Amino acid sequence: MVESQNRQSRREQHTSLRQRGIYLLPNLFTSASLFGGFYAIVQAMNQHFEQSAIAIFIAMVMDGLDGRVARMTNTQSAFGAEYDSLADMVSFGVAPALIMYVWALQPMNKLGWIAAFIYAACAALRLARFNTKLDDPFQDKRYFQGLPSPAAAALIAGFVWVSYEYNIDGREIFFGALQVKWIAWFITIFAAGSMVSDLKFYSGKDINLRHSVPFVAILAVVMAFVLISYSPPEVLFSVVFVYALSGYYMWARERLQSKNTA
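Rules used throughout
Residues numbered from 1 in each chain as written. Predicted model: local features only at pLDDT ≥ 70, side-chain atom pairs only at ≥ 80, totals over all residues. Heavy atoms only, no water. Helix = DSSP H or I, 4+ residues; strand = E, 2+ residues; numbered from the N terminus. Buried < 20%, exposed > 50% of the residue type's maximum accessible area, 1.4 Å probe, protein only. Contact = heavy atoms within 4.5 Å. UniProt positions renumbered as here; feature names shortened; annotations may be inferred. Phe/Tyr/Trp six-rings, centres within 6.5 Å; stacked < 30°, edge-to-face > 60°. Lys NZ or Arg CZ within 6 Å of the ring centre and 35° of its normal.

1. Points about the overall build of the protein
And then number 1: Along its length, the protein carries nine helices and four strands.
And then number 2: Taking all 262 residues of the protein together, 35% fall into the buried category.
And then number 3: Across the protein, the fraction of contacts at a sequence separation of at least 24, relative to all contacts at a separation of at least 6, is 80%.

Following this line, the structure appears as structure tokens:
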């Protein structure tokens, strides 16, 4: 009896989805994000790491747009949410792990692929936790719990991009002791651990684009575009790195405040 009810429920859901169709506009941005992640993997396999890094950042922009477009056009759907999550796993979970592995971690043998796998697994866990807390009324929407997977992917891609910009190879050794592969390994583990941590990272969801802003805000946006166009790898990596550290800063500040009030 229960099995027949489940089959009937699945048929009704399938019929409902077929009748409603799929919203094209937000899913176009999601598809662009997915393509960026896949393209990044292909370029990494061909040793074109600069293009891989750029593709990750483009996927990050597309991922940020699909949700906003869906909310602005009132085209949110369960299909879109699931599709976005699967695309994120490819673009911000698998792709960065493979890029870092091919670029620097491969000579480390087991330590290399284990670090890449840990990153991919933590990205999957981060996405699963995010999806389960979407409808949590006690969740503070102003903050993410754990480093968002697009930011973690941008941290790895930014490091590879900056290194490529300065002709630093993943197998290079500085001063006979400091090996780039160990820096890459640490950044990979740091990004993975930050994703599954309980640290708070500002989400920006309380920003309302329809409200008026001071003139200084417009000037800051213009300056940001100027800086990024002047030196994209350094500026983007610096911004993402500071954002990745912001969660640890907020945690330390709260701990200090709690000790002072105790």
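From this point, the discussion proceeds with the structure in view.
2. Remarks on unusual backbone geometry
Generally, phi is negative for residues other than glycine and the peptide bonds are trans, each holding for most cases.
And then number 1: In this model, Gln47 sits at a positive phi of 65 degrees, which is unusual for a non-glycine residue.
And then number 2: Within the secondary structure layout, Gln47 lies in the loop between helix H2 (24-45) and helix H3 (49-72).
And then number 3: The exposure class of Gln47 is partly exposed, given its relative accessible area of 47%.
And then number 4: With phi around 60 degrees, Asn109 is a residue other than glycine that occupies positive phi space.
And then number 5: Of note, Asn109 is situated in the loop between helix H4 (78-105) and helix H5 (110-132).
And then number 6: A relative accessible area of 53% means that Asn109 is categorised as exposed.

3. Comments concerning the UniProt feature "transmembrane region" (unreviewed entry) in the protein
And then number 1: The UniProt entry lists residues 21-42, 86-105, 111-131, 143-162, 182-201, 213-230 and 236-252 under the feature "transmembrane region" (unreviewed entry), expressed in the numbering used here.
And then number 2: Across residues 111-131, the secondary structure splits into 100% helix and 0% strand, with the terminal C-alpha atoms separated by 30 Å.
And then number 3: Each end of residues 143-162 is marked by a C-alpha atom, and these two atoms are 28 Å apart; helix forms 70% of the span and strand 15%.

4. Considerations on the environment of Ala191
And then number 1: Assignment of secondary structure puts Ala191 in helix H7 (residues 180-195).
And then number 2: Placed 73 residues apart in sequence, Ala191 and Ile118 show a C-alpha to C-alpha distance of 9.9 Å.
And then number 3: Those residues in contact with Ala191, other than ones at most four positions away along the chain, are Tyr119, Leu147, Ala152 and Leu155.

5. Some remarks on the side chain of Asp63
And then number 1: With respect to the element layout, Asp63 can be found in helix H3.
And then number 2: Looking at Asp63, the relative accessible area reads 13%, which means it is buried.
And then number 3: Contacts of Asp63, omitting those with residues within four sequence positions, involve Ser33, Asp84, Asp88, Phe92 and Pro150.

6. Notes on the packing of aromatic side chains
And then number 1: This structure, assessed with the given rule, holds twelve aromatic pairs.
And then number 2: The interplanar angle of 20 degrees and the centroid separation of 6.3 Å between the aromatic rings of Phe186 and Phe190 together place this pair among those described as stacked. Taken together, the positions of Phe186 and Phe190, both in helix H7 and four residues apart, correspond to about one turn of that helix.
And then number 3: Given the relative accessible area of 18%, Phe190 is considered buried.
And then number 4: Taken together through their ring pairs, the aromatic side chains of Trp103, Phe159, Phe237 and Phe241 make up a single cluster.
And then number 5: Above the ring of Tyr143, the side-chain terminus of Lys200 is found at 5.0 Å from the ring centroid.

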